[in-house]
Amino acid sequence: MMENNTLVTIVTPVYNSEKFLRAHLASVQAQTYAYWEHILVDDCSSDNSAAIIKEAQKEDSRIKYVLLSKNGGAGIARNKAIELAEGKYIAFLDSDDLWYPKKLENQLDFMIKNQYHFSFTNYDMVDALGNRGGKEMIAKTELTYNKALYKNPIGCLTVMYNVDFFGKQYMPSIRKRQDYALWLKLLKKTDGYGLNECLSSYRTGNDSISANKFDLIKYEWRIYREVEGLSFVKSSFYLFSAIILKLKTYF
């Protein structure tokens, strides 16, 4: 049976997300599993994001608003939320993405029943208007560190990890792909496990930092070389493999 008093911390970086925040917040509040805290860290937005979050916070004390003193990027914002997290489990959801109502309930049950400490799920795609395009990304049943070096197969919006097992684990201070670096860190300690169920929706066609696929290549290189400390030859091999696998995905 699922532990109904197990607190889950939801980590959300926010930057000029007013177009999507209400739907985002509603998808969290619609969760069938109710024992969560939602920490939204504002990376110095210049739009109406703060007002939207504060309005929701007045009606739901599980929603927590944090403002950074200066803009630092999504990784810095996520790390601030992780620092403040009180949950036994940490989950990630960017401010333009959505969860299905049973996301937390089903994934937490999956982890507790199987004694998994790091998990992820399937997810689908929605456009800027929230229309689903029918494409679903399927989670790997089991993922090792070595397999993950070839390509990041994990959607950040689907991840949950056990703080009691790992301790609080933070993302490196690079502007992009810091989530991938964190998954590699977790995979060094235990394998990751995928729940073959679509429980999240990733928003496409907006100005999020993940939109420029080619720009991400240099950050992937930095992860191989600077974060993982791989040789030039190994880094080149894995980067080339990642590019080929990504091209197969999109074409």
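As a starting point, this report considers the structure included with it. Fair warning: this is a prediction, and the values are worked out from it, not measured in the lab.

Criteria and thresholds
- Residues numbered from 1 in each chain as written.
- Predicted model: local features only at pLDDT ≥ 70, side-chain atom pairs only at ≥ 80, totals over all residues.
- Heavy atoms only, no water.
- Helix = DSSP H or I, 4+ residues; strand = E, 2+ residues; numbered from the N terminus.
- Contact = heavy atoms within 4.5 Å.
- Lys, Arg positive; Asp, Glu negative; His and termini not counted.
- Charge placed at Lys NZ, Arg CZ, Asp CG, Glu CD.
- Buried < 20%, exposed > 50% of the residue type's maximum accessible area, 1.4 Å probe, protein only.
- Phe/Tyr/Trp six-rings, centres within 6.5 Å; stacked < 30°, edge-to-face > 60°.
- Axes fitted to C-alpha atoms, helices over the stretch in contact; angles between N-to-C directions.
- Parallel < 35°, antiparallel > 145°, perpendicular 65-115°, else oblique.
- Left-handed = near helix turned anticlockwise from the far one by under 90°.
- Nonpolar A, V, L, I, M, F, W, Y, C, P; charged D, E, K, R; others polar.
- Patch = residues over 30% accessible without salt bridge, like charges linked within 9 Å, V, L, I, M, F, W, Y side chains within 5 Å.
- Areas by Shrake-Rupley, 256 points an atom, 1.4 Å probe, with all protein chains shown as cover.
- Salt bridge = Lys/Arg side-chain N within 4 Å of Asp/Glu carboxyl O.

### Notes on the overall build of the protein chain
At step 1: Along its length, the protein chain carries nine helices and 10 strands.
At step 2: When its C-alpha atoms are laid out on the principal axes, the protein chain stretches across 55 × 45 × 35 Å.
At step 3: Counting contacts in the protein chain only where the partners sit at least 6 residues apart, residues at least 24 apart contribute 79% of the total.
At step 4: Between the centroid of the 33 positive side chains of the protein chain and the centroid of its 29 negative side chains there is a distance of 6 Å.

### With respect to unusual backbone geometry
At step 1: Of note, Gln115 is a non-glycine position whose phi angle comes to about 60°, a positive value.
At step 2: One can find Gln115 in the loop between helix H4 (103–114) and strand S6 (118–126).
At step 3: For Gln115, a relative accessible area of 65% translates into the label exposed.
At step 4: Of note in the backbone geometry, Arg177 takes a positive phi value of approximately 65° without being a glycine.
At step 5: Position of Arg177 relative to the elements: it lies in the loop between helix H6 (163–166) and helix H7 (178–187).

### Here's the deal with the packing of aromatic side chains
Where two aromatic rings form a pair, the distance of their centres and the angle of their planes describe that pair.
At step 1: Applying the stated criterion across every chain, the model contains 14 aromatic pairs.
At step 2: Ring geometry for Phe110 and Tyr116: centres 5.2 Å apart, planes at 65°, overall edge-to-face. One exposure class covers both Phe110 and Tyr116, and it is buried.
At step 3: Between the aromatic rings of Trp221 and Phe232, the centroid separation amounts to 5.5 Å while the plane-to-plane angle is 80°, which identifies the pairing as edge-to-face.

### Notes on the packing of helix H1 (residues 21–29) against helix H2 (residues 49–59)
At step 1: Relative to each other, H1 and H2 sit at 30°, their axes nearing to 10 Å. Judged by the inter-axis angle, H1 sits roughly parallel to H2. In the packing of H1 onto H2, the handedness of the crossing is right-handed. Contacts between H1 and H2 involve Leu21, Arg22 and Leu25 from the first element and Ser49, Ile52, Ile53, Glu55 and Ala56 from the second.
At step 2: Of the residues belonging to the contact of H1 with H2, the class tally is five nonpolar, one polar and two charged.

### Notes on a nonpolar patch on the surface
At step 1: A cluster of nonpolar side chains, Tyr150, Phe237 and Leu245, forms an exposed patch at the surface whose accessible area comes to about 260 Å².
At step 2: Assessed through its relative accessible area of 34%, Tyr150 is described here as partly exposed.

### Topic: the environment of Lys140
At step 1: Along the chain, the position of Lys140 falls in the loop between strand S7 (132–137) and strand S8 (142–143).
At step 2: For the pair Lys140 and Gly75, spaced 65 residues apart in the sequence, the C-alpha separation amounts to 24 Å.
At step 3: Excluding residues that lie within four positions of it along the chain, Lys140 makes contacts with Phe120, Pro153, Tyr193 and Gly194.

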